[in-house]
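Here is how the chains run, residue by residue.
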Amino acid sequence: MLDYSIVPVPTEFPVPPVNCIIIFNEPLTIIDPGIRREKTRNLLEQALQVRGKTLKDVQRIILTHGHIDHFGISGDLNRQYGTPVYIHKDDMGKILSASREHTAGGMKEILLMHGVPEKDLVHIDSFMHKSDELIAPLDQAEPLGESIDFENESLRVIHSPG
């Protein structure tokens, strides 16, 4: 049986908190760590500390999908501790720094391509600026396989993009 804790991580968007899941079985895993904020880091550290662990002990980060509120702090954790980040291959482009979906110009281009009138794009720049504050750049990630394996358990990967 998996030994886990759920850590509600607040976002700065009008949505409920992200349910970050810390699985304490080996390898120690964080699923959907949340946005890039000191409060997020503190919540994760507190949840780990209760079990005698630290962020340095985390062996992998798994992202359920490529939304800012789920992966924002992942790049910081990857750089600081070398923690590998995994996501389904079909969402990989959404989290990588080079992805055109995370630039104001790229977002506008996509919206225009799908029929949004140019006059309705006035708020994209401020939204993207705010979003940039909540994301730590992530230059690499690994694709998830068909399962997420632990010492005596495994979880099946089902791609259901958010």
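Preceding this section is the structure that the text describes.
Residues numbered from 1 in each chain as written. Predicted model: local features only at pLDDT ≥ 70, side-chain atom pairs only at ≥ 80, totals over all residues. Heavy atoms only, no water.

*Asks:* Looking at this structure, how should I read the packing of aromatic side chains?
*Replies:* Any pair of aromatic rings gets described here by the distance separating the centres and the angle formed by the planes. For the structure on display, the rule yields 0 aromatic pairs. One Lys or Arg, Arg 51, reaches over the ring of Phe 24 and ends 4.1 Å from the middle of that ring. (Phe/Tyr/Trp six-rings, centres within 6.5 Å; stacked < 30°, edge-to-face > 60°. Lys NZ or Arg CZ within 6 Å of the ring centre and 35° of its normal.)

*Asks:* How do you make sense of the nonpolar core when you look at a structure like this?
*Replies:* Nonpolar side chains in soluble globular proteins tend to end up buried together. Counting 27 residues, the largest nonpolar core has Cys 20, Ile 22, Ile 30, Leu 48, Leu 63, Val 85 and Ile 95 as its most contacted members. Those elements giving two or more residues to this core turn out to be β1 (4-9), β2 (18-23), α1 (38-49), β4 (60-63), α2 (68-71), β5 (85-87) and α4 (92-95). Broken down by element, the residue count for this core peaks at 3 residues, all from α1. Counting residues in hydrophobic clusters, the runner-up holds 8 residues, among them Ile 62, Leu 144, Phe 150 and Val 157. (Core = buried A, V, L, I, M, F, W, Y, C linked by side-chain atoms within 4.5 Å. Buried < 20%, exposed > 50% of the residue type's maximum accessible area, 1.4 Å probe, protein only. Helix = DSSP H or I, 4+ residues; strand = E, 2+ residues; numbered from the N terminus.)

*Asks:* Any chance you could explain a negative patch on the surface here in plain terms?
*Replies:* Taken together, Glu 26, Asp 57, Glu 151 and Glu 153 make up a surface patch of like negative charges. Counting through the fold element by element, Asp 57 comes out in the loop between α1 and β4. (Patch = residues over 30% accessible without salt bridge, like charges linked within 9 Å, V, L, I, M, F, W, Y side chains within 5 Å. Areas by Shrake-Rupley, 256 points an atom, 1.4 Å probe, with all protein chains shown as cover. Salt bridge = Lys/Arg side-chain N within 4 Å of Asp/Glu carboxyl O. Lys, Arg positive; Asp, Glu negative; His and termini not counted. Charge placed at Lys NZ, Arg CZ, Asp CG, Glu CD.)

*Asks:* Please explain the side chain of Thr 40 as it appears in this structure.
*Replies:* Here Thr 40 lies in helix α1. Owing to a relative accessible area of 2%, Thr 40 belongs among the buried residues under this scheme. When sequence neighbours within four positions are dropped, the list of residues in contact with Thr 40 reads Val 9, Pro 33, Gly 34, Ile 35 and Ile 73. (Contact = heavy atoms within 4.5 Å.)

*Asks:* Any chance you could explain the sheet that holds β4 here in plain terms?
*Replies:* Backbone hydrogen bonds hold the strands of a sheet together, and the pairing may be parallel or antiparallel. Strand order in the open sheet formed by 6 strands is β1-β2-β3-β4-β5-β6, and the pairing between neighbours is mixed. Two strands close off the open sheet at either side, each with one partner strand: β1 and β6 (142-143). As defined by bridge partners, β5 adjoins β6 across 2 bridges and the pair is classed as parallel. Residue Tyr 86 lies in a different strand from β6, and its bridge partner there is Glu 142. Along the sheet, α1 contacts β1, β2 and β3 (29-31); its crossing angle with β1, the most-contacted strand, is approximately 160 degrees. (Pairing = 2+ DSSP bridges. Axes fitted to C-alpha atoms, helices over the stretch in contact; angles between N-to-C directions.)

*Asks:* Explain the environment of Asp 32 to me, please; I cannot follow it from the model alone.
*Replies:* Secondary-structure assignment places Asp 32 in the loop between β3 and α1. The spacing of Asp 32 and Cys 20 is 12 residues in sequence and 5.0 Å in space, taken between C-alpha atoms. What Asp 32 contacts, discounting residues up to four positions off in sequence, is Val 18, Asn 19, Cys 20, Ile 62, Leu 63, Thr 64, His 65 and His 70. Reaching out from Asp 32, the side chain makes a polar contact with the side chain of Thr 64 at a distance of 2.6 Å. (Polar contact = N/O pair within 3.5 Å; in protein donor to acceptor, adjacent residues only side chain to side chain.)

*Asks:* What is the right way to look at the pattern of salt bridges in this model?
*Replies:* A side chain with one charge may pair with a side chain of the opposite charge, provided their charged atoms come close. Under the counting rule described, the total for this entry stands at 8 salt bridges. Its salt-bridge partner being Asp 91, residue Lys 94 comes within 3.2 Å of it at the nearest N-O pair. Overlapping salt bridges bring together Glu 12, Arg 37 and Glu 133 as one network.

*Asks:* Sorry, what's going on with unusual backbone geometry here?
*Replies:* Among all residues save glycine, negative phi is the norm, and among peptide bonds the norm is trans. Across the junction of Glu 26 and Pro 27, the peptide omega takes the value -5 degrees, indicating a cis bond. Tracing the sequence through the fold places Pro 27 in the loop between β2 and β3. Within the chain, Asp 32 stands out as a residue other than glycine whose phi angle is a positive 55 degrees.

Fair warning: the whole summary comes from geometry, so function is off the table for now.
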